[in-house]
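These are the residues of each chain, in order.
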Amino acid sequence: MSSAPDRTAAAPRVAIVGATGAVGTTMIEIIEERGLRYSELHLVASSRSAGRKLTVAGREYEVQAIEEFDFGQADVVFFSAGTTVSEKWVPVATAAGAVVIDNTIAFRMDPDTPLVVPQVNAHELDRRPKSGVIANPNCSTIPLARLLRGIEDRWGIRNAVVSTYQAASGLGYSGVEELQESTRASLQGPDADFEPQHFKPALAFNVIPKIDRFLDSGFTLEEEKMLQETRKILGLPHLDVTTTCVRVPVANCHSESVYVECQSPVDRAELVEVLAALPEVKVHDRETVTAFPTPAVVGSSDLVHVGRIRATQNNPRAFWLWLVADNLRIGAALNAVQIAEELIERDTL
Ligand code: A2P
């Protein structure tokens, strides 16, 4: 499908804030691939990138500094430039009349802002939100919520215990670059001069059970986000989901080990069928129980990959599964573009 500008009155004017970053670049790819309709496209970043030329669907666009950009030129604005940028500039965009799809934590728990995973709660997009903002959830929460929806609907969830294995790209390009640099330094030997900026201690040949800052509870903010956001997306305010979030030396694609205890007994064969029937989910052990997804094999993918589906031996209501999802696409850019597609389809822009 081509995404050349669509000049019809119905096609929205689109802006991407953070267009030069890891999520912004992925968003541009996805807009091209899926042929999202737009009548104008504006690429916005920091003043460092002003004047840079980027090609989208064969047309060259000049990146504009956010301070110079007139948000009145856009009907829908994607924000993926960090929380402080969203806190400062999203109100400017909404005051100018744009609908914002925000990829940061800034507005996710605001009661006037829907938190949307289109495969789960697209009905939230039936009307324009009071705040003018639609929040894109955390990258690990999105694939988890997509699977939990199907499980809750069939068996009811008593509780879920999740460990994440999160890739360096969760921190953008600078995260991936630091993983590469720390790996090179480690290979040079213990005397190599390397001071980590983002991942501490260094991520190369390591795993770090801390993502985002610690809270007084001893959990991290990332772990708290997964609990609160999953509850909000699923509309289950008392859902018991507890998480350990771990950074691993993988460039891209988050993995999660998920234990779910349900209200009623779960038959493994039926569970496989229920998961495989969910939209844009691929179950790897349908044919052979020994197949499983991994980040390097999944690569860049628009599916949530599931494997290692195991009924527990001592509790007929419980099971384990393993999931892998591209955090830049499923966990960020694709979800945001799919929100925009739903808004266009429902005419709620
Ligand atoms: P820039 O490339 O000009 O720094 P990533 O997630 O890969 O780190 O990318 C972050 C994105 O957010 C980039 O597009 C970056 O632009 C943008 N960005 C960072 N700081 C600001 C800022 N203060 N104002 C506008 N955009 C920003």
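Computed from a prediction, not measured in an experiment: that's the story for all the values here.

A. The layout of surface pockets, seen in detail. Within this model, the largest pocket holds a volume of roughly 1200 Å³. Lining of the largest pocket is provided by 45 residues; of these, Gly 82, Thr 83, Gly 170, Leu 171 and Gly 172 occupy positions nearest its centre. When contributions to the lining of the largest pocket are tallied by element, the ones reaching two or more residues are helix H1 (22-34), helix H2 (83-95), helix H6 (221-234) and helix H9 (329-346). Of the residues belonging to the lining of the largest pocket, the class tally is 17 nonpolar, 20 polar and eight charged. If you count residues domain by domain, the lining of the largest pocket takes at least three from each of domain 1 (13-137 + 332-345) and domain 2 (141-167 + 207-327).

B. H1, seen in detail. The end-to-end C-alpha distance of H1 is 18 Å, a good match for the 18 Å that 13 residues give at a rise of 1.5 Å each. Here H1 has its buried residues at Ala 22, Val 23, Gly 24, Thr 26, Met 27, Ile 28, Ile 30 and Ile 31. Contact partners of the buried residues in H1: strand S1 (13-17), strand S2 (40-45), strand S3 (53-56), strand S6 (76-79), helix H5 (173-188) and H9. Just past H1, the residue Gly 35 takes up positive phi, approximately 65°.

C. The pairing of strand S11 (residues 254-262), seen in detail. For S11, the tally of buried residues reaches nine of nine residues, placing the bulk of the element in the interior. Neither face of S11 is left uncovered, since the one carrying His 254, Glu 256, Val 258, Val 260 and Cys 262 and the one carrying Ser 255, Ser 257, Tyr 259 and Glu 261 both have all their residues buried. Sheet topology note: the strand S9 (residues 157-166)/S11 ladder contains eight bridges and is antiparallel. Looking at S11, one finds that Asn 159 is bridged to Glu 261.

D. Up close: unusual backbone geometry. Residues Lys 200 and Pro 201 are joined by a peptide bond in cis, for which omega reads -5°. Tracing the chain through its elements places Pro 201 in the loop between H5 and H6.

E. Summary view of the sheet that holds strand S7 (residues 99-102). Strand order across the open sheet formed by six strands is S5-S2-S1-S6-S7-S8, with parallel pairing between neighbours. For this open sheet the edge positions go to strand S5 (64-65) and strand S8 (133-135), each flanked by a neighbour on one side alone. By the bridge criterion, four bridges tie S1 to S6 in an arrangement that is parallel. In the sheet register, Val 17 faces S6, and the bridge partner there is Phe 79. Set on the sheet, H9 makes contact with S6, S7 and S8; between it and S7 the angle comes to about 155°.

F. Focus on the site of the ligand. Lining the immediate environment of the ligand, one finds 15 residues, of which Thr 20, Ala 22, Ser 46, Arg 48 and Ser 49 sit closest. At 3.0 Å from an oxygen atom of the ligand is found a main-chain nitrogen or oxygen belonging to Gly 21. Within the backbone of Ala 22, one N or O atom sits 2.8 Å away from an oxygen atom of the ligand. Expressed as a share of its isolated accessible area of 570 Å², the protein-covered part of the ligand is 73%.

G. Fine view of the packing of aromatic side chains. Evaluation of the coordinates by the stated rule reveals five aromatic pairs. One aromatic cluster is present, formed by Phe 69, Phe 71, Phe 79 and Trp 89 through successive ring pairs.

H. A look at the domain arrangement of the protein. Looking at the assigned domains, one finds that the protein contains domain 1 (13-137 + 332-345) and domain 2 (141-167 + 207-327). Taken over C-alpha atoms, the centre of domain 1 sits 27 Å from the centre of domain 2. Contacts between the two partners involve 16 residues from domain 1, matched on the other side by 15 residues from domain 2. For the pair domain 1 and domain 2, the summed buried area comes to about 1500 Å², and 64% of that belongs to carbon and sulfur atoms. Inspection of the region where domain 1 meets domain 2 yields one salt bridge. Note that Glu 229 is salt-bridged to Arg 108, the shortest N-O span being 3.0 Å. Viewed at the interface, domain 2 and domain 1 are joined by seven residue pairs in polar contact (both at pLDDT 80 or more). Contributions of two or more residues to the side of domain 1 that touches domain 2 are made by helix H3 (118-121) and H9. Element by element, the count of residues in the side of domain 1 that touches domain 2 is highest for H9, at four residues. Of the residues belonging to the side of domain 1 that touches domain 2, the class tally is eight nonpolar, five polar and three charged.

Reading the values: the criteria
- Per chain, residues are indexed from 1 in the order of the written sequence.
- Predicted model: local features are reported for residues with pLDDT of at least 70 only, side-chain atom pairs are reported and counted for 80 or more only, and whole-chain, interface and lining totals are derived from all residues.
- Hydrogens and water are ignored here; the side-chain numbers use all heavy atoms of the structure.
- The rule is simple: put a 1 Å grid over the protein atoms alone, call a set of points where a 1.4 Å probe fits but cannot get out a cavity, call an open set with protein on both sides within 12 Å along at least five of seven lines a pocket, and count a residue as lining if it has an atom within 4 Å of a point.
- Grid points are joined across faces, edges and corners, and a volume is the space filled by probe spheres set on the points.
- Helix and strand labels come from DSSP, where a helix needs a run of H or I of at least four residues and a strand needs a run of E of at least two; each type is numbered from the N terminus.
- Three classes are used, and their members are as follows: Ala, Val, Leu, Ile, Met, Phe, Trp, Tyr, Cys and Pro are nonpolar, Asp, Glu, Lys and Arg are charged, and the others, Gly among them, are polar.
- Domain start and stop positions are those given by an automatic or database domain assignment.
- By definition here, a helix of n residues has an expected span of 1.5 Å times n minus one.
- For every residue, the accessible area (1.4 Å probe, protein chains only) is compared with the maximum for its type, and the residue is labelled buried under 20%, exposed over 50%, or partly exposed between those bounds.
- In what follows, residue pairs with any heavy atoms lying within 4.5 Å of each other are defined as contacts.
- Here the rule is simple: two strands pair whenever DSSP picks up at least two bridges between them.
- Each axis is a line fitted through C-alpha atoms, taken for helices only over the stretch in contact, and angles between the N-to-C directions span 0 to 180 degrees.
- Nearness is defined per residue: one heavy atom within 4 Å of the molecule or strand is enough.
- Any pair of nitrogen or oxygen atoms within 3.5 Å is treated as a polar contact; in protein, a donor-acceptor pairing is required on top of that, and neighbouring residues in sequence qualify only through side-chain atoms on both sides.
- Only the protein chains shown count as cover for residues, and the accessible areas themselves come from Shrake-Rupley with a 1.4 Å probe.
- Only Phe, Tyr and Trp rings are paired, with Trp represented by its six-membered ring, and only when their centres lie within 6.5 Å; those with planes under 30 degrees apart are stacked, over 60 edge-to-face, the remainder tilted.
- When two parts are brought into contact, each loses some accessible area as probed by a 1.4 Å sphere; the total of that loss over both is the buried area.
- Whenever Lys or Arg places a side-chain nitrogen within 4 Å of a carboxyl oxygen from Asp or Glu, that contact is recorded as a salt bridge.

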